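The primary structure of each chain is shown beneath.
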Amino acid sequence: MRWDAEANLELAREHGLHPQEWERLLAALGRTPNLVELGIFSALWSEHCSYKSSRAHLRKLPAQGPRVIQGPGENAGVVAVGQGWVAVFKMESHNHPSFIEPYQGAATGVGGILRDVFTMGARPIMALDSLRFGDPDAPRMRYLVDGVVRGISDYGNCVGVPTVGGEVDFHPSYNGNILVNAMVVGVAREDGIFYGRASGPGNHVVYMGSKTGRDGIHGATMASDAFDEAAAAKRPTVQVGDPLTEKLLIECCLELMSRGLVVGIQDMGAAGLTSSSFEMASRAGCGLVLDLDAVPVREHGMTPYELMLSESQERMLLIVTPGNVMSVINLCKRWGLDATDIGRVIGEPVVRATFRGGPAFELPIAPLVDDAPRYERPFRRPEPAAPATLPALRDRDWGTELKTLLAAPQLVSARRIWQQYDQSVGAATVVGPGADAALVLIPGTRIGLAATTDCNSFACGLDPYCGAAQAVAEAVRNLACVGAEPVGVTDCLNFGSPENPTVMGQFVAAIEGVAETCRVLEIPVVSGNVSFYNQTSGQSILPTPAIGMVGVVAEVRHVPRGSWELGEALYVLGPLEGELGGSRYLQIILGLEAGPVPAVDHVAERRRSRVVAELVRLGVVAATDISDGGLVTALVRMGSPDCGADLTIPWDSLVARVLFGEWLGRFLLAVQPACEPALVQACEGMELARLGTVGGDRLVVRAGKRIVLSESMAELCGLPERQLEWMEGVQG
Amino acid sequence: MTDGGRRPRVAVVIFPGSNCDRDALAAVEAVGGEAVPVWHQSRDLQRCGAVLLPGGYSYGNYLRAGAMAAHSPVMKAVRRHADQGGAVLGICNGFQILLEIGLLPGAMLMNRSLRFICRDVHVRVERTDLPLLRTLQPGQVLRLPIAHKEGNWFAEPAVVREVEQQGAVALRYCDPSGQVRADANPNGSLQNVAGLVSREGTVLGMMPHPERRISRLLGGEDGWALMRALVEAA
């Protein structure tokens, strides 16, 4: 079918539009579109580009704050972090492509989020990845884990941005739909921020970077569709990454911007030339004329339909004043990059394109971008999971249970994953992966930027509101463990189909949980991404609202440590007994998917996190957050194979809740004896329990005089390493 | 070569895809040198007394790590500089390039695990009587990060023998106490080679990254002396 053939309802359906959306399109346009116009509508009205099901609820997220320079709606969020510096950050999903073709899917996911950040004039200084896989023994799962990790590794390492953190979890609900969420944090001077705006009629539109091929056509539409058995047939719609070109784009774009040679800039991400041109024009209230014959191509005979919808990677669209066009093209040439003048900015709010001397399409901007369909999808509020009916948890074999827990996929050590990522390129990594949060210096300064990604999707499945709220609270605690105060959130909301009222209910509850917690803790949500239709053959994933949080240490004086030292005293800040509802102990040891997941106690969380952050900054304590698996797994994380601890809890404690309880905003702290008075004084008025001291090569826990746990530290520390042993390959 | 009492000038070569170039520039300055960025298309080392080939993915490491960079215009100048006895330090991808142009012997294979590895390793200093190593102590153990996929040094047996007889091994992977052991070798490199030095001691190639270790806040200062030796040789 020719690209200029007249479209019809049947074709609209094939493009993923509903009949009522087709009617809406006809009314907005006042005529029947041709095929390329239909393709453009379907891309911009896709869930991925238009947020048509989520926008009504995303408004609930607090986006304001004294540090906020740019909230949602641009390529990435921007917050001030002191001394004229800003942090620019965003997290984005690349789930469907990564399931179909894990290596390229994950690689191009990293590439896309990097472009969102450097597009704004910021140099990317760290990347994090939040990954979700299915049952480790499910078919294809090792292939997927391995492919995703190699994709992130080969792409991220080449572009020279350190990968410093993230998380990985396993659950059968991801068997047919893994999650790959990538987050990038960049830095810029406050007066050096650029926006994706096509302003100034008469300015030129310059295409820069890789040539356009036929890869990735309709990627945005694919991302807005559920999976079925035919997913493998969609492999050709996965884009292919070229990290060298990305690296050159980073350097060239930052140089173009620092020299003031561009007016506006945006990458050609989902829906390629379509979304970049329409969105930039929309933000500036202008229009564009495009000469599609000028678009650099790497294949013969490409049609306007393919040119507009290709998702070939590593391409940027620049708006440049007439006098600077040659300078831009010359600088690009120096970096070995193609740059071509393909159009002009016009005052009239339309995008008009020509092809082979004749018109290709002409579309008004407002109906496609600002007046895209919005849906108030019906939803059913989730009932929080019922409280568990627990067996009598007394005199159990706690040691064996701890070992079972530590060997479970959910408690896996991600070391074998992050050792494949360059964590220290940039020579600014103070704390890298494996810690509660990462800490990286802004180049040339002592300002530390901390970042973490968090989401306990098992808890979110039990209670989306409290689970999402707890993800925010956990992120705050993780930042505190490296001494940082939170300054902003980016979220990546991964859910099933919004057309399913139960899923939509999970989505609404999770947003409200994030919104309420961020509002009370005064942390603005400045960017984010929604990924719907994460379901395969009708089976939805667990609700997974991944929280990416950025924090600041105004001046880094000490390296925060994640492990204890011989002779130190150990304390729990917060209640000694945690809650078992929604805990890993229930899930893994008792096989119960049961709640309740407690609500966040905002006042206590904030007080404790602030004091811990302060003590870490002063170098008084080593801290870790008590979360997945409870106090005992925190003890194993903080210890080492040859250095254990001897702890005593009150004889009448509920041992299961002390050892394995979660939630309630608790920290494990290690402190030199000389600093104990300072710790006690700083925590005055808060619950603080001294448990014992570091020493020996075993982890010993006594309830009064009775030993309830005594295990070899070497054995305990080795267990979380087992799950990914196969990744070691042939290395001896 | 100092220039009228000014700081010694060190050229840091930038290839398309270099990604440790800015770290190298900063490290040279931090240890008292004047860092001069030199573009890959230049044939002029701008009166620098020493050259640093930084890590990264020069030309995407397409074909083979370092293979394309070896044929770039700037490398003709670097070779001339080396032939005249000028100091050259190649770090990671820079080491791979030095092997590709034959300034140092052998070749790099993929790591034994066939995976990229980034972690701290210990290396023992084998020579301290040469210009690029004279700031170090005999037998000194350094803790430095590696970050590479192709660091598994290989050469045919005759070459390995020659390398050992010449004392061309500058650094070897070892355990924290300085014992050179098979289980301290991260990538399968023959003879636990982590770094090689030319006969005159003016060309040094190494896989670990000293430029990332010149600050207490950033993992330690074990890279300081190596960077300083380069500046002193300039």
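Cut-offs used in this document
- Residues numbered from 1 in each chain as written.
- Chains lettered and ligands numbered in written order.
- Predicted model: local features only at pLDDT ≥ 70, side-chain atom pairs only at ≥ 80, totals over all residues.
- Heavy atoms only, no water.
- Buried < 20%, exposed > 50% of the residue type's maximum accessible area, 1.4 Å probe, protein only.
- Helix = DSSP H or I, 4+ residues; strand = E, 2+ residues; numbered from the N terminus.
- Contact = heavy atoms within 4.5 Å.
- Core = buried A, V, L, I, M, F, W, Y, C linked by side-chain atoms within 4.5 Å.
- Pairing = 2+ DSSP bridges.
- Right-handed = clockwise from strand over helix to strand, strands pointing away.
- Axes fitted to C-alpha atoms, helices over the stretch in contact; angles between N-to-C directions.

What follows is about helix H5 (residues 224-232) of chain B. Inspection of H5 of chain B places Ala-225, Leu-226, Met-227, Ala-229, Leu-230 and Val-231 of chain B among the buried residues, and these make up the whole buried set. Where H5 of chain B is buried, its residues meet strand S1 (9-14), helix H1 (21-30), strand S3 (50-53), strand S4 (87-91), strand S7 (141-148) and strand S11 (203-206) of chain B.

Further remarks concern the environment of Thr-163 of chain A. Residue and element names in this part refer to chain A. Within the element layout of this structure, Thr-163 appears in strand S5 (residues 163-170). Distance in space between the C-alpha atoms of Thr-163 and Gln-423 is 5.1 Å, their sequence separation being 260 residues. Ignoring any residue separated from it by four or fewer positions in sequence, one finds Thr-163 in contact with Ala-127, Asp-129, Tyr-421, Asp-422, Gln-423 and Pro-433.

On to the nonpolar core, then. In this structure, Phe-15, Leu-52, Leu-53, Trp-153 and Leu-196 of chain B are the most contacted members of the largest nonpolar core, which totals 75 residues. For Leu-53 of chain B, the contacting residues outside a window of four places in its chain are Val-13, Phe-15, Met-75, Val-88, Leu-89, Gly-90, Ile-91, Gly-94, Ile-97 and Leu-98 of chain B. Of all hydrophobic cores here, the second largest spans 69 residues; its members include Met-91, Val-187, Ile-442 and Val-472 of chain A.

Residues and elements named next belong to chain A. Position of Met-504 relative to the elements: it lies in helix H19 (residues 501-520). You can call Met-504 buried: its relative accessible area is 0%. As a C-alpha pair, Met-504 and Arg-150 span 354 residues in sequence and 34 Å in three-dimensional space. Discounting chain neighbours no more than four positions away, the residues touching Met-504 are Ser-53, His-57, Arg-377, Pro-378, Phe-379, Ser-497, Pro-498 and Phe-532.

Gly-595 of chain A connects to Pro-596 of chain A through a cis peptide bond whose omega is -5°. Considering the arrangement of structural elements, one finds Pro-596 of chain A in the loop between helix H20 (584-589) and helix H21 (602-617). Phi at Arg-356 of chain A takes a positive value of approximately 50°, unusual for a residue other than glycine. When you line up the elements, Arg-356 of chain A lands in the loop between strand S12 (350-355) and strand S13 (358-364). Look at Arg-356 of chain A and you get exposed, because its relative accessible area is 64%. Its identity is not glycine, yet Arg-47 of chain B carries a phi of approximately 60°, on the positive side. With respect to the element layout, Arg-47 of chain B can be found in the loop between strand S2 (34-39) and S3.

What follows concerns the pairing of strand S4 (residues 123-133) of chain A. Looking down a regular strand, the side chains alternate between one sheet face and the other. Residues and elements named next belong to chain A. Among the 11 residues in S4, 11 count as buried, and that is most of the element. By the bridge criterion, nine bridges tie S4 to strand S6 (residues 179-189) in an arrangement that is antiparallel. Following the sheet pairing, Ala-127 is matched in S6 by Val-184. Summarising the sheet, S4 and S5 pair through seven bridges and their orientation is parallel. In the strand pairing of S5, Asp-129 is matched with Gly-166. Between S4 and its parallel partner S5, the chain crosses via helix H8 (residues 141-159), and the hand of that crossover is right-handed.

Turning next to the sheet that holds strand S27 (residues 698-703) of chain A. Residue and element names in this part refer to chain A. Across the sheet, seven strands lie side by side as S23-S25-S22-S26-S24-S27-S28; this open sheet has mixed pairing. The open sheet is flanked by strand S23 (621-625) and strand S28 (706-712), the only strands paired with a single partner. Each adjacent strand pair in this sheet contributes to an overall mean axis angle of 20°, direction not counted. Sheet topology note: the strand S22 (residues 569-573)/strand S25 (residues 667-671) ladder contains five bridges and is antiparallel. Opposite Val-572, over in S25, you have Leu-668 as the bridge partner.

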